[in-house]
Each structure stands twice: as structure tokens, then as C-alpha cells.
Amino acid sequence: MGTLSLRAVLVLTMVLVGLWAPHVVNGQPNFIVILADDVGWGDLGANWAETKETPHLDQLADEGTRFVDFHSAASTCSPSRASLLTGRLGARNGVTHNFAITSIGGLPLNETTLAEVLQEAGYSTGAIGKWHLGHHGRHHPNFRGFDYYFGIPYSHDMGCTDTPSYNLPPCPPCPRHSAAARVARKDCYTEVALPLFENVTIVQQPVDLSSLTTRYAEEAARFIRRASDSGRPFFLYLALAHMHVPLWDPQLPPTSGRGIYGSALGEMDALVGRIKQVADSHGKGNTLVWFAGDNGPWAQKCELAGRLGPFVGAWQRQRGGSSAKQTTWEGGHRVPALVYWPGHIPANRTSRALLSTLDIFPTLVALAGAALPPNRRFDGLDVSPVLFGWSDEGHKVLLHPNSGAAGKDGEIETLRLAQYKAFYTTGGAMACDGSTGPAEHHQPPLVFNLDHDIQEQEPLDVASTEYQAVLPMISRAYAQALEDIAADNVSVADYSKDPAVIPCCNTQHVACRCHGAHAATLGLHMEGKTTTRLCL
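This is a predicted model, so every value here is computed, not measured. (Residues numbered from 1 in each chain as written. Predicted model: local features only at pLDDT ≥ 70, side-chain atom pairs only at ≥ 80, totals over all residues. Heavy atoms only, no water.)

1. Brief notes about the side chain of Glu219
Step number 1: Structurally, the position occupied by Glu219 is in helix α6 (residues 212-230).
Step number 2: Excluding residues that lie within four positions of it along the chain, Glu219 makes contacts with Ile128, Tyr148, Phe150 and Glu198. (Helix = DSSP H or I, 4+ residues; strand = E, 2+ residues; numbered from the N terminus. Contact = heavy atoms within 4.5 Å.)

2. A few points about the packing of α6 against helix α7 (residues 259-281)
Step number 1: Interhelical geometry of α6 versus α7 gives an angle of 15° and a closest axis separation of 10 Å. Here α7 runs roughly parallel to α6, going by the angle between their axes. As for how α6 packs across α7, the hand of that crossing is right-handed. Across the interface between the two elements, Thr213, Ala217, Ala220, Ala221, Ile224 and Arg225 from α6 touch Glu267, Leu271, Arg274, Ile275 and Val278 from α7.
Step number 2: Classifying every residue of the contact of α6 with α7 gives seven nonpolar, one polar and three charged. (Axes fitted to C-alpha atoms, helices over the stretch in contact; angles between N-to-C directions. Parallel < 35°, antiparallel > 145°, perpendicular 65-115°, else oblique. Left-handed = near helix turned anticlockwise from the far one by under 90°. Nonpolar A, V, L, I, M, F, W, Y, C, P; charged D, E, K, R; others polar.)

3. Side note on the sheet that holds strand β15 (residues 420-426)
Step number 1: Read from one edge of the open sheet, four strands run β13-β14-β15-β16, paired in antiparallel fashion. Strands at the two margins of the open sheet, each flanked by one partner only, are β13 (397-401) and β16 (440-449). Direction aside, neighbouring strands of the sheet carry axes that sit 20° apart on average.
Step number 2: For strand β14 (residues 412-417) and β15, the ladder comprises four bridges, and the chain directions are antiparallel. (Pairing = 2+ DSSP bridges.)

4. Remarks on the pattern of salt bridges
Step number 1: Inspection of the entire model under this criterion finds 23 salt bridges.
Step number 2: For Arg92, the salt bridge goes to Asp488, with nearest N and O atoms at 3.0 Å. Taken together, the residues Arg92 in helix α4 (residues 90-93) and Asp488 in the loop between α12 (465-486) and β17 (514-521) connect sequence positions 396 residues apart.
Step number 3: With a relative accessible area of 3%, Arg92 lands in the buried category.
Step number 4: Members of the salt-bridge network, linked through shared partners, are Arg88, Arg92, Glu111, Arg377, Asp379, Asp484 and Asp488. (Salt bridge = Lys/Arg side-chain N within 4 Å of Asp/Glu carboxyl O. Buried < 20%, exposed > 50% of the residue type's maximum accessible area, 1.4 Å probe, protein only.)

5. What about α6?
Step number 1: Over its 19 residues, α6 extends 27 Å from the first C-alpha to the last, a length consistent with the 27 Å expected when each residue adds 1.5 Å.
Step number 2: Positive backbone phi, approximately 85°, marks Gly231, located one or two places after α6. (Expected span 1.5 Å × (residues − 1).)

6. Thoughts on the pairing of strand β1 (residues 30-36)
Step number 1: Across the seven residues of β1, seven count as buried, placing the element largely inside the fold.
Step number 2: Every second residue of β1 is oriented toward a common face, with Asn30, Ile32, Ile34 and Ala36 on one face and Phe31, Val33 and Leu35 on the other, all of them buried.
Step number 3: Direction of pairing for β1 relative to strand β9 (residues 287-293): parallel, over a ladder of seven bridges. Bridge assignment links Val33 to a residue of β9, and that residue is Trp290.
Step number 4: As judged from the five bridges shared by β1 and strand β8 (residues 234-239), these two strands associate in the parallel manner. The residue bridging Ile34 from the neighbouring strand is Leu238, located in β8.

7. Let's talk about the environment of Gln251
Step number 1: Counting through the fold element by element, Gln251 comes out in the loop between β8 and α7.
Step number 2: Linking Gln251 and Thr163, residues 88 residues apart in sequence, is a C-alpha distance of 9.8 Å.

8. Let's talk about the pairing of strand β7 (residues 201-205)
Step number 1: As judged from the three bridges shared by strand β6 (residues 196-198) and β7, these two strands associate in the antiparallel manner. Following the sheet pairing, Leu196 is matched in β7 by Gln204.

9. Considering the confidence of the model for the chain
Step number 1: This prediction gives the chain a mean pLDDT of 90; 90% of its residues lie at or above 70.
Step number 2: Predicted confidence is poor over residues 1-24, with pLDDT under 50, and the contacts of this stretch with residues over four places away or in other chains come to 23 contacts.
Step number 3: The low-confidence segment residues 523-536 (pLDDT under 50) makes 40 contacts with residues lying over four places distant or belonging to another chain. (pLDDT = per-residue confidence, 0-100.)

10. Some points on the state of the cysteines
Step number 1: Taken as a whole and assessed by the stated rule, the structure comprises five disulfides.
Step number 2: Here Cys302 pairs with Cys432 through a disulfide, and the sulfurs are 2.1 Å apart. Every disulfide takes its handedness from the sign of the S-S torsion; for Cys302 and Cys432 that torsion is 105°, giving right-handed. Of this pair, Cys302 sits in the loop between β9 and α8 (314-317) while Cys432 sits in the loop between β15 and β16; the two residues are 130 residues apart in sequence, bridging distant segments of the chain.
Step number 3: For Cys302, a relative accessible area of 23% translates into the label partly exposed.
Step number 4: With a relative accessible area of 45%, Cys432 lands in the partly exposed category.
Step number 5: The connectivity of the disulfide bonds within the chain can be written as 1-3, 2-4, 5-6, 7-9, 8-10, using the sequence rank of each bonded cysteine. (Disulfide = S-S within 2.5 Å.)

11. Quick word on the packing of aromatic side chains
Step number 1: Throughout the structure, instances matching the rule amount to 18 aromatic pairs.
Step number 2: Lying across the ring of Tyr148, Arg226 places its NZ or CZ 5.0 Å from the centre.
Step number 3: It is Lys301 that lies over the ring of Trp298; its NZ or CZ is 4.4 Å from the centre. (Phe/Tyr/Trp six-rings, centres within 6.5 Å; stacked < 30°, edge-to-face > 60°. Lys NZ or Arg CZ within 6 Å of the ring centre and 35° of its normal.)

Next comes the structure, spelled out in C-alpha cells:
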């Protein structure tokens, strides 16, 4: 007779002692992964009492499990999303910094996405919202495992609109006349309008941002209904535009005491509540909902950025520069996270397990009864025992790559080992006041004990007994991590650029304008049909 697995022993023990145990999973569950953009750990009311704008997310926490030591795999958009969908850090999957509107490439085609694995396992797959992993050729989401796509291929501030939302600096609307009338503005896209895609078709350019939240909610609900009616399990990846820069109609007054940002946060919260309601109406208990952030707040946006909670990165702030998005300080990658699955995941539970968006891929693959892709190594873990409340142990070591601050993009600059966090590079990210802080390399590394210094204010004295005891373990873990990456099947992303690949549905119109019948489709081969070529 073979030995029992750890999971089997835990389940048997819980049943024998009469403790809560999840229902047995019959068949393949549905999955909804909701990824919020640039949301702060403190933007969730369940995390931070000062936040009052998230009643639906707080209800999700009450009815599910809240993870308070949960981290994005990177601190900026493209690398974070690539890691979620592959279970691999950018040092392995090749996506080390953001793609541009002119990018020819995207997430390398030899990388296997979560959608591709689940599609092969019989799932209906849909992506709604921000993609930012390449839009040209076969990098489009319809060719990365998603049966259906509706959204903007990158951030919603990477193109002009007729209804600009709030931003710092504020950006002008799309030009309507000749090139002579165009206004150049630093950090603003003024030449090409923001496109909205349905599958490979541009259905609106420029996007009407004032109705985008409603459209995302409608398309998500429609996808859930269609998939449920088909009798197949579904995977919906809902990558919200919120809270990158606030989506809020300038003609409407704020609805929150936090002004524009708080009002947009409330709008995002209502959208999540709507998705939960629709999922529950199609069989409560059949669908796992996983909400998380892609990285921390964008500090240089000042009052239009989110709340860090206690994770202020005080050491860095004292020297100038941001300790949020783009950085490896806690504020850059510790994000709100909730998982809801009635009858399977304990309600009203708080977990302190060290988890990451990297874990979403292997966990959902395991719950679907599928297999991980071969011939590559994964940074994520199957954390279903943690979700089910059988364990509260996550990663022993978690790696944090540089995401646009000091150092080389994608390199592992910071390492978490239990409660200890070691920094090899700091500085280089812009704060609200315009400072970036000096780029500093630390050898030996700065080490903080997060159990006693969650604000990352005072590193351990290198001469202290504690520092001398933990440094060898940190150094060994760091060396082993780098050796493991070097020995892996590593991909390389194509970051070359060509203005000809910018999505444009009508080159005859200033800023590329089209609506409805004038929409254009990409020149790609899909489902046995060849579509017409996108005007470029």
C-alpha cells in the first residue's frame, strides 16, 4: 500500500475531528480571475478601515478568504500579466517591461498561457479588458487561448479619446482636424485614438471611456451566460481598466469623500459586485472568483493614485522617490487579494500565507484536473490547500524583479525569505513630488524584518546577530534562484517597434476614427476564415 499524500492526510484529519471541510469538487469548476490595475493594498475596505468605497469587495471578503500577504509577480503592467498567465517570472517568460502601441512582439509564442491549458481541458475561455501582452499578429488574445476577447489591447491612457478621463498631467482630446491642429503634450498620446476590440475587430476608435465600465460588465455577463448555457466550464479573465488612471466622467460630480479616485474606486467595486451576482445566478458554488491587483499604486499620479495602507517603504521615502508601482518595496507588489467559492473555500477567513499571482496558473490548472506544460519550470505553486483552509503555508522564498526602477528590467533585485526581505538595488522610481531617489546597489543587501518593520523603515544592522544569522540563508536562496532560472527553458520577448502595427481602423481620418459599420478587422486567420486586413 502506498503512502498517503500530505493533502490526503490533512483532509482525513479534518473529517475525523469533525472540523469544516470543503465539498468534494464534482466536475470542473468555473473560474473568474479579476485583475485590478494599479490598485493599492489599502484600497480594499476589508484591509484598511479608512477605505469606505468597496462594500461589494468587502462582502466578497466576508463570504470568502482574504489574503493579506499576497503579491503581484512584478510591479508594472506587462510583466505582471505575463507572469499571471504563465506562472513564470519575466526572467523566464521573457516579458521584463511594458509593451508599446508600436510593439511588434508580445508574450513569446512558445510560452503556454493559462487559457491555452484550460481551453485544451474543455473550457470556454474569455478575456475582457486590458491585454498589454502584444496586439500584433498572433500575440493577440484570440491566438493565446482565448475564444473571445473584448477590450483595449493596452492601458486606457495609451491613446487619445474624445472624452479624456482624469490624468496627471491632463491630456487633450483627440484632434478632429488636420495635423496642424494637433497639440503635443508630454506623457500624452495625441496622434492615434484608443481602440476597442471585439475579437480581432476594432469596434470603436476612439473609445468612449464614459461607457467602458458598463460595456465591460455587459460583455462579462454575456460571456458567463453563453458559457453556462453551453454546458461547458468557463474561464473568464477580467482585466479591469480601473484604477490605472481614474475612469470617471468629468461631467459628473464625485460621489466619494476621496474625490475622483474614490469615486472611480466605488465604480470598480460595483462592477465586481455585478460579476459576482451574475456568477452566483448561474449556480452558486460552481464558480471560483479570484480578485487581485496587478501591482501597487502609481505614486507619481498623486491624488489620482491609490492607498498603500501601512506599506509605505519609509526607508526609500526618506531618500526621495516612490516606494510603490515599479519598485520592489512592499507598496509596489503587495496587493489586495480575495478568493470566493461558496461551499469550497472558507468564508470570513484571513490567511497570512505568502502567496503570489504566480500561483493562479498552477492552482487553477490543478483544480481543472489538467496538467502543467512540460519542459519548463514554474515560479508559482498549487496553493489549493491554502484556499481550502487545510494549510496556511505558501512560498518559503519569493522573488521580486525590477519593474522599471533602478537596475536592469526583469532582474531579481529583491528576495523574500519568510519574514525577511533583502534588497540588492533601490531607488529610481518617480514619486508624486517628481523625485526618483538615487539608484543604489547594496552588497551585502539591505535586510528588513517585516514582522517588526512592516513600513520598511530601518534595515537590520549588518553587525547584529540577527543579520549575521539570516544573511547566509538569504545568500544561498538568492544563488539557488538565479541558478534555477539560468538552467531553465527561458524565453526572449521581441521588443522591436514599428509604427505600422499601431491599431488604426481608418488611416484617412485624423487620429484613426471609426464606429460601427466602419470598423476594421485584423488581417489574421481565425477559425478557418481569413479576415480583411486592418487599415494601417
